[in-house]
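# Topology and contacts: notes
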Amino acid sequence: MPKTIRIQEIAQYEGQKVSIQGWLHNRTDKGKLQFLQVRDGSGFVQCVVLQQEVEPEVFEAARELTQESSLVISGLVRRDRRAPGVPGGYELGVTGIQVIQVAHGYPIQPKEHGVDFLLDRRHLWVRSQRQWAVLRVRATVIRAIRDWLDGHGFINMDTPILTPAACEGTSTLFETDYFGVPAYLAQSGQLYNEADIYAFGRVYCFGPTFRAEKSKTRRHLTEFWMVEPEAAFCDLEQLIEIEEQFVSHIVQTCLRERGPELALLGRDTAFLEKVVPPFPRISYDEAVEIIADIRAQSDDPALRALLDLEWGDDFGSPHETELTKRFEKPVFVYGYPTVAKAFYMEPWPNRPEVTKSVDLLAPEGYGEIIGGSERISDPDLLLQRLEEWNLPRESFEWYIDLRRYGSVPHSGFGLGVERTVTWICGLDHLRETIPFPRMLKRVYP
Ligand code: 4AD
Ligand code: MG
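A brief structural summary. Position numbers for residues start from 1 in each chain and track the written sequence from start to end. Naming scheme: in the order in which they are written, chains are lettered from A and ligands are numbered from 1. Only residues with pLDDT of 70 or above have their local features reported here, since the model is predicted, and side-chain atom pairs are shown and tallied only from 80 upward, although totals for entire chains, interfaces and linings are computed over all residues. Side-chain measures here rest on the full set of heavy atoms in the structure, leaving out hydrogens and waters.

## A word on the packing of helix α4 (residues 129–151) against helix α14 (residues 417–425)
For the pair α4 and α14, interaxial distance at closest approach is 10 Å and the crossing angle is 120 degrees. By the angle between their axes, α4 is oblique relative to α14. Crossing of α4 over α14 shows right-handed handedness. Between α4 and α14, the residues in contact are V134, V137, R138, V141, I142 and I145 and V417, E418, T420, V421, I424 and C425, respectively. Note on geometry: axes are C-alpha line fits, over the in-contact stretch for helices, and angles between N-to-C directions span 0 to 180 degrees. The helix and strand labels rest on DSSP assignments: H or I over at least four residues marks a helix, E over at least two residues marks a strand, and numbering proceeds from the N terminus. Should an angle fall under 35 degrees it is taken as roughly parallel, and over 145 as roughly antiparallel, whereas 65 to 115 is taken as roughly perpendicular and any remaining angle as oblique. What makes a crossing left-handed is the near helix being turned counterclockwise from the far one by less than a right angle; a clockwise turn instead makes it right-handed. By definition, residues are in contact when any of their heavy atoms lie within 4.5 Å.

Here it is in C-alpha cells:
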C-alpha cells in the first residue's frame, strides 16, 4: 500500500503513488471510464478509473461503489488544472481500491431536498460539500477569535453554565431544577467576567449560550456560541477600537485560509476584503433617522409596516436588514436608549435616557453580530437599576461587591459565532453554521 495522505496535502505528492482513506461522494460513469469523487474530511478529489489501466477486479470494485461507501483508494497524483475538488487542480489516476463498506440507500441524494428533510438528517447532512465548507469556516472563525484575544492580553476564563440569575432579560431564560432550587442556563458569561477582570485585567469567556427565543427567525438559535471579552480601564471608545481590530482579524483570516471553501459557497469576497479598520460609526439617533428615511422612500406597504419605529425601540431584524444594506463595511451603532437595553449599562454623560452601548452590525443586510457596552461602575446606580428592572438583589450581591472594592470603568462585548459565520459565508439563515442547531421547534438529532 502506498503512503496514506490527506487530500488537503495532495499538491505535495504530484507524480507519486498515494492512498486516500475516505468515502465516495459522487460518481459519473462513462463506460470504460469512471470518475469517482472521493472525500476524506480534509478535501474532495476526483479519482479516475480507466478500464484499460487497472486490473478487472479493481474496475468491478469501482462499479460497486455507491454514494457514501467507505474505501481506501490508491493511485498516482496527477496535476490537472481543470480537475474539480477542494483543493482543485489534482486528480488521482486509480490503481487500487479496497472497499470497506458498500452503503445502501443513502437518503441524501445529489439533488435539491427540503430544509426540514435535511435538518432531520443533520447527522448525515454535515457530509455534504456546502455544509463541510461552512463548518470549516466556523472552525477558522473560532481559532481566529482565540488567536487574536490570546495575542492581545486577554486571558480565557470559563464562566458557569448553571447560573442563579438572568443577565440578558428574564424572558428568554431556560429554567432547570438545581437540587430543589431554580437555576438557569447561562445567557451570557459577562457578569462573571466582570469579576474576573479585577483579577486579570482583560479576560474572555467562550462557550455555549442559551436563550429560550420564542421567535423563529433566520438569526436566532436557542443554543449558540458567544465569545465575550471584558476589559478593565476601558471606555466605550477604546472598546470600539478593540472590536474593529478583532472583527477585521477574523474576516481576514478566513479570506487567507478558507478561500476554496468561500469559493465553493459562491461567496462574493469583494465585500469581505473591505473589512479593515476603521468601521463607520453612527449614533442610535442617526440610525433611527436613516431608517425613517428608508421607510418614507419605500412604496412597499409591507416593508413600511415592518420598519415602523419609535425612538426608544430596539431595532428588530427588518430595521437592521434595511439599514445595513446601505453599508459596505460593518457599522457601529452607539448610544442606544436605556429602556431598550440591559440593566448593567453605563449611562451617557448628561443624557441618562441613553446608554454607553454599541452594537456592531454586519453589512449587506446581515445585522447585529456584536452587542457590548461600558458597564455601570457606581454601586448606588447599580442598586437603583436592579430595582427599576425588578431584579432580585440577593442574586446580585456578589455583582454589587465588584463596585465596592476597587471599582473601575470597564467595558466588554459579546460576538455571536453563528451570526458571524452566516455573514462571512454569505448564507441566508444561521442554522447551517453550527453542527447541530437548536431552534424553537428542533432538538433532534
Ligand atoms: O447582544 P447580546 O444579547 O449581548 C450580551 O449577551 C452581552 N452580555 C454581551 C457582552 O457584552 N458581554 O448578545 C451578543 C451577541 C449578539 O450580537 C449576537 O451575535 C449573538 O450574541 N446572539 C445570538 N446568536 C444566535 N442566536 C441568538 N438567539 C442570539 N442572541 C444573541
Ligand atoms: Mg444585542
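## Let's talk about the pattern of salt bridges
Salt bridge, as used here, is a side-chain nitrogen of Lys or Arg placed within 4 Å of a carboxyl oxygen of Asp or Glu. Under the defined criterion, the tally for this structure stands at 32 salt bridges. The partner of R442 in a salt bridge is D116, with the nearest N and O atoms 3.7 Å apart. Note that R442 is positioned in the segment after α14 and D116 in helix α2 (residues 115–120), a separation of 326 residues in sequence. Burial classes: relative accessible area under 20% of the type maximum marks a residue as buried, over 50% as exposed, and values in between as partly exposed (1.4 Å probe, protein chains only). Take R442: its relative accessible area is 11%, and that puts it in the buried class.

## As for the side chain of Q46
Here Q46 is to be found in strand β3 (residues 44–50). Polar contacts, as counted here, are pairs of nitrogen or oxygen atoms within 3.5 Å of one another; within protein the pair requires one atom able to donate a hydrogen and one able to accept it, and residues that are adjacent in sequence qualify only if both atoms are side-chain atoms. At 3.2 Å, the side chain of Q46 and the side chain of Q37 are in polar contact. When sequence neighbours within four positions are dropped, the list of residues in contact with Q46 reads F35, L36, Q37, P84, E91 and L92.

## Some thoughts on unusual backbone geometry
In this chain, V86 is followed by P87 through a cis amide linkage whose omega measures -10 degrees. Along the polypeptide, P87 turns up in the loop between β5 (85–86) and β6 (90–101). Phi angles above zero are rare outside glycine, and E68 is one such case at about 75 degrees. Following the sequence through the fold, E68 ends up in the loop between α1 (56–64) and β4 (70–79). Phi at F179 is positive, roughly 50 degrees, even though this residue is not glycine.

## A word on helix α13 (residues 393–401)
For α13, every residue scored as buried is listed here: S395, F396, Y399 and I400. Take α13 and look down its axis: the buried residues cluster within an arc of 135 degrees, on one side only. The arc under discussion is defined with respect to the helix axis, by the directions toward the C-beta atoms.

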